[in-house]
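What the coordinates show
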Amino acid sequence: MKKMQLACKLFLFALLVSCGTDPVEIPQGAYENGVLIINEGAFGANDGEVYHFDKNTAEAEANVFESINSRPFAGLLQDLISYDDYTYLVANTGKVEVVQSADFISVGAVNNELVNSRSMVRADGKLYISDWGPYDAFWSNTESFVAVVEDITGGDIAYKIPTPSRPEGLAFVGDRILVACQLGTIAVIEVGADEVEKTVDVEGTPFFFFEYQGSHYLYANDYDKIYLHKLNSATFEVVETLEFPVSNSLYNGNFTINNSGELFVISNQATEDVVVKLSLTSGSVVDEHFYSGSNFYGLGFDDDTQTLYIGEHNGWQGNGTVMRINAQGELIDDVAVGRGPSGFYFP
Amino acid sequence: MSLFACLVFFIAGWQSELDSSRAFRQDTLVLSQVEVHAAALRKYSFGQYVRTLDADRLDQLSGYSLGEVLQQETGLFLRQYGAGMLASLSMRGTSAGHNALFWNGLPVNSPSLGQADYSIFPLGGFDAVNIHYGSSGALYGTDAIGGSVHLSSDLEFNAGNELKIGTLLGSFGRWHQQVSFRQGAEKFAFRTNVYRNFTANNFTYKDWASPGTPEKRQEHARVSQIGLVQDFSIKISPKQSLKANLWINSNDRQIQPLLGSAVSDVQEDKSVRSVIDYTYNGEKFTWTAKTGISSDVMVFNTDRNQTRLFLLGTALDYSFSQKWQTLAGIRYSHIKGQLATYDSQEQRLELYQATNFKPIQNLGISMQLRQLIHEGEAAPFTPSLGVEWAFFNSALWNWQLISNLSRSFKIPTLNDRFWVPGGNLNLMPEKSLSKEIGLTNKTKIAAFSIENRFTYFHMDVDDWILWLPRGSYWQAENVRSVVNQGLEYFFKGVFKQGSNRWGMNVDYSLNSAVNQSGDQGNSLSQGKQLPYVPKHKIRTQGSLQNGPYKLYIQQQWTSERYVTTDNQTLLSPYSLWDTGLTYAFELKGKLKGNLGFHTNNIFNVDYQVVRLRSMPGRNFQFNLNVVL
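We now turn to the structure provided with this report. Keep in mind that what you see is a predicted model, and the values were worked out from it rather than measured. (Residues numbered from 1 in each chain as written. Chains lettered and ligands numbered in written order. Predicted model: local features only at pLDDT ≥ 70, side-chain atom pairs only at ≥ 80, totals over all residues. Heavy atoms only, no water.)

1. Focus on the overall build of chain B
- Secondary structure assignment for chain B yields 7 helices and 34 strands.
- Taking 628 residues into account, the globule formula puts the C-alpha radius of gyration at 25 Å, and chain B, at 24 Å, falls close to it.
- If you line up chain B on its principal axes, its C-alpha atoms span 70 × 60 × 45 Å.
- Burial analysis of chain B (628 residues in total) assigns 57% to the buried set.
- Sequence separation of at least 24 residues holds for 63% of the intrachain contacts in chain B that already meet a minimum separation of 6.
- Carbon together with sulfur atoms contributes 59% to the accessible area of chain B, which is approximately 24600 Å² in total.
- Looking at charge distribution, chain B has the averaged site of its 59 positive side-chain charges lying 4 Å from that of its 51 negative ones. (Helix = DSSP H or I, 4+ residues; strand = E, 2+ residues; numbered from the N terminus. Rg over C-alpha atoms; globule rule 2.2 N^0.38 Å. Buried < 20%, exposed > 50% of the residue type's maximum accessible area, 1.4 Å probe, protein only. Contact = heavy atoms within 4.5 Å. Areas by Shrake-Rupley, 256 points an atom, 1.4 Å probe, with all protein chains shown as cover. Lys, Arg positive; Asp, Glu negative; His and termini not counted. Charge placed at Lys NZ, Arg CZ, Asp CG, Glu CD.)

Structure (structure tokens):
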């Protein structure tokens, strides 16, 4: 009997040791694969939401935030920023919802004192949220800021860093936060000191930063052109500007880029909306009519499948549609999504 | 006389009857002022329902807005964007701009928006509310596609002096005060009425937009109204009279923020409205002339929008015989708008004619024709034909078959045409073709008295105007086609048992409003119910009256509403129960009045009429009206 007990103990010990030494397999969360679709929502309705698209079944799960958390998102979803642990849903109606990236369960929010929040970046255990601030009587925003929250799951704003003009996209580079300010500047914030250290003037209206082959770029546009400003990684001065003759590019600055350095942008032309393909490497327009249609509002590129995703707002009269386009510029399929699909995140 | 007969004139359908079943005996009735107005609305409306809201009930609700009254007291649905906030009416599944609103015959839909905010029409501004269900463009002109609402003032000769003081106190800082004095002599009558309404609207609500959905107290939703009404009537001679009405109203409110938004918008609405009516009653004819002005200023934060409407019209109602009556009129309107992005003006001229033919005692046929000229362009010619046939009539039972066929239209609003950017001068009027058929029944057996009214309607609305994004701005375009059809059912029952009088009223509406066009290629919306058009709304009221006491309980149930045109998001149905007790008193014939205690939303239901717009929970009200 004692031998039997000893054998059992040894077996159990062996089992425990074997489990302890094997790499731990944590199953992926439901929202850590597929495509997260940002639906901005309609002004005055606050019906922004996230849809989840399954690339295998080509089906979309509606209203992810509401179905998981049993309450509406209740905001206009401007941006979605995802980290391994948490995903941040930035509403331009003045709040940031924090959910767990794996399952979208709400863990907190920043919903005091934000006014017109645009984007967010996480650095040094803090949240930096760009916000246009209130409008004045002339529809200008003279009190724009970057709000700093000292808890990555949300809470109150600790302090605000004034910005030179309306802040849009943010990037965390080295130990600096870069802020794209719409009156043609980059504001550089030193993390820790948390104040604008310097500004860099750029051409066009700056929107978002992106990284390609180790270099940082800023996307900007004006009525006639699109500008890609390559930045010095230390000084953040513009070292090179690529200009593309694309007029009427989408007013919200939406674009997407793939691993090959091809940028896709939307141009609102007289009778149609056109997706134009640009090359970052050649600095030229590759295809000025890659795909056309109407009511285009958002773009995303899935490098795994080399598929372009286009969001259509359908005239804002109802919900939108997402189309998938292959590398040859042909429609693969489409799927009904939420109101005003404006962006895509590929976990 | 023949000159008058040749004139065409005003107030389409102002001359009618108390209700359809009485249409064949109108000459023998003696009517009060309110009834005269209601009768006028009904006279050329064979085949349609014109309903008068109960005056005693309105007295209990003084301090309410027209929007609250229609939502609570009828089967009509209003999109309420919060308590005391924008309230727009949907009749028979149409949009807010497809219903005409009149105050003493003056059109008061905003010329720039083409619709009315029913929350800024407090009951203090008028005495009676009549609702015309169904398409009635031939009678009333533009906007009356789904129906129309008529507000009127009541001022009688020989009514003596009367001082009336009223107040209503309620939850969430609600306080209404009203003082009116009137004198009704043999040849002259006047009334002055001043009122003030205030609501803090600091009710508690569940904040669905925040983690944990905490309960919060509503902030930034205060509403304040103040107004003056002045009515005059002069009997120039036994046949001639002159009536003048003035209404000044100021509405100041903080706009209740949408859940999840932190905006602090404020809106101020000021309006001045005035009408003068001249009436000549001949032996066989009534000649009326009308002029009026409606001036509205709306300041939203710092944006100022002002519109003015001037109206001039005349009409002749001639009775050839008991079988034939005809009404003809002409109406001229001049509209001026000074909006945030444009200044503009326009002119409209309308000719209309209506004829009643009663070939036999129990059959009435009315036909109306209207042609509106808008800035030199002819709007769609608008005919209408209605029939009422009392096919069974006895001492106990009355059964009628009713039917109506009519076209209606809506002229593009000033904003649709001139807003910068996006206004579109090439817009066509929206137009509709409506058909309806119904059955009415009145029964009186012993102590029971029952009325039923059942109507089926079908309506095609085309060239519906929508604002669609076109590049960097939005533009107004004629894009939508909709088929609306449904049922309306009204029940009124009274049972007398000794000194007890039991009553029951039911309003039910079924509205299917299906988008046929898909809104400019949006196939997701094609074949779908329009947003914020509930398929069902039912309102039931039961009451028990014993002498001066009256106890009532009422319920309204509103079915789910789709939020978007593709019906992918919907709002839950809700059911609200209200109850109250009223008492009418009289002291030695010198002082009389009434008081009431009311509880609304008894079960404290957390509901939203429009998504993310919080509404108050259980609330209490006490009202007192004293007449000296």
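2. Brief notes about the sheet that holds strand β21 (residues 262-268) of chain A
Residues and elements named next belong to chain A.
- The strand order across the open sheet built from 4 strands is β20-β21-β22-β23, with neighbouring strands paired in antiparallel fashion. Pairing within the sheet leaves two strands with one partner each, and these edge strands are β20 (255-257) and β23 (284-293). Looking at each pair of strands side by side, their axes are set apart by 25 degrees on average, direction ignored.
- Here β21 pairs with strand β22 (residues 273-279) via 7 bridges, running antiparallel. Directly across from Asn 268, in β22, lies its bridge partner Asp 273. (Pairing = 2+ DSSP bridges. Axes fitted to C-alpha atoms, helices over the stretch in contact; angles between N-to-C directions.)

3. Things to note about empty space enclosed by the protein
All names here are of chain B.
- The full count for this structure, using the stated rule, is 9 cavities of 30 Å³ or more.
- Space inside the largest cavity adds up to approximately 550 Å³.
- Residue lining of the largest cavity: 34 residues in total, with Glu 68, Gln 80, Ala 83, Arg 174 and Pro 616 positioned closest to the centre.
- Classifying every residue of the lining of the largest cavity by side-chain character gives 11 nonpolar, 20 polar and 3 charged.
- In this structure, the second largest cavity occupies an estimated 230 Å³ of space.
- As for the second largest cavity, its lining consists of 22 residues, and the residues nearest its centre are Pro 107, Thr 142, Asp 143, Leu 309 and Arg 348.
- Put simply, the parts of the chain that give the lining of the second largest cavity at least two residues each are β4 (99-103), β18 (324-338) and β19 (343-360).
- Tallied by class, residues from the lining of the second largest cavity come to 11 nonpolar, 6 polar and 5 charged. (1 Å grid on protein atoms, 1.4 Å probe; cavity = no way out; pocket = protein on both sides within 12 Å on 5 of 7 lines; lining within 4 Å. Points joined across faces, edges and corners; volume = space filled by probe spheres on them. Nonpolar A, V, L, I, M, F, W, Y, C, P; charged D, E, K, R; others polar.)

4. Quick look at the environment of Ile266(A)
Residue and element names in this part refer to chain A.
- Structurally, the position occupied by Ile 266 is in strand β21.
- Ile 266 gets classed as buried once you look at its relative accessible area, which sits at 0%.
- Between the C-alpha atom of Ile 266 and that of Leu 250, which follows or precedes it by 16 residues, the distance is 5.5 Å.
- Every residue in contact with Ile 266, bar those within four places of it in the chain, is listed here: Asn 248, Ser 249, Leu 250, Asp 273, Val 274, Val 275, Phe 296, Tyr 297, Gly 298 and Leu 299.

5. Considering the interface of chain A and chain B
- Between chain A and chain B, the residue contacts involve 33 residues of the former and 32 residues of the latter.
- Of the roughly 2300 Å² buried between chain A and chain B, counting both surfaces, carbon and sulfur atoms make up 50%.
- Three residues stand out in chain A for area buried against chain B, namely Arg71(A), Gln317(A) and Asn319(A), and they jointly supply 25% of the buried area on that side.
- At the junction of chain A with chain B, the criterion picks out 9 residue pairs in polar contact (both at pLDDT 80 or more).
- Only β6 (95-100) and β7 (106-110) of chain A provide two or more residues apiece to the side of chain A that touches chain B.
- Among the elements that make up the side of chain A that touches chain B, the one with the highest residue count is β7(A) (3 residues).
- Looking at the side of chain A that touches chain B, its residues break down into 10 nonpolar, 17 polar and 6 charged. (Buried area = accessible area lost by both parts, 1.4 Å probe. Polar contact = N/O pair within 3.5 Å; in protein donor to acceptor, adjacent residues only side chain to side chain.)

6. Quick notes on helix α4 (residues 66-73) of chain B
- Counting buried positions over the 8 residues of α4(B) gives 7, a clear majority of the element.
- Along α4(B), the residues classified as buried are Leu66(B), Gly67(B), Val69(B), Leu70(B), Gln71(B), Gln72(B) and Glu73(B).

7. What to know about unusual backbone geometry
- At the junction of Val420(B) and Pro421(B), the peptide bond is cis and its omega measures out at 0 degrees in the coordinates.
- Considering the arrangement of structural elements, one finds Pro421(B) in the loop between α6 (414-418) and β24 (430-445).
- Phi at Asp124(A) is positive, roughly 55 degrees, even though this residue is not glycine.
- Looking at the secondary structure, you find Asp124(A) in the loop between β8 (117-123) and β9 (126-131).
- Notably, Asp194(A) is not glycine yet its phi reads approximately 50 degrees, a positive angle.
- Among the structural elements, Asp194(A) can be located in the loop between β14 (185-190) and β15 (196-201).

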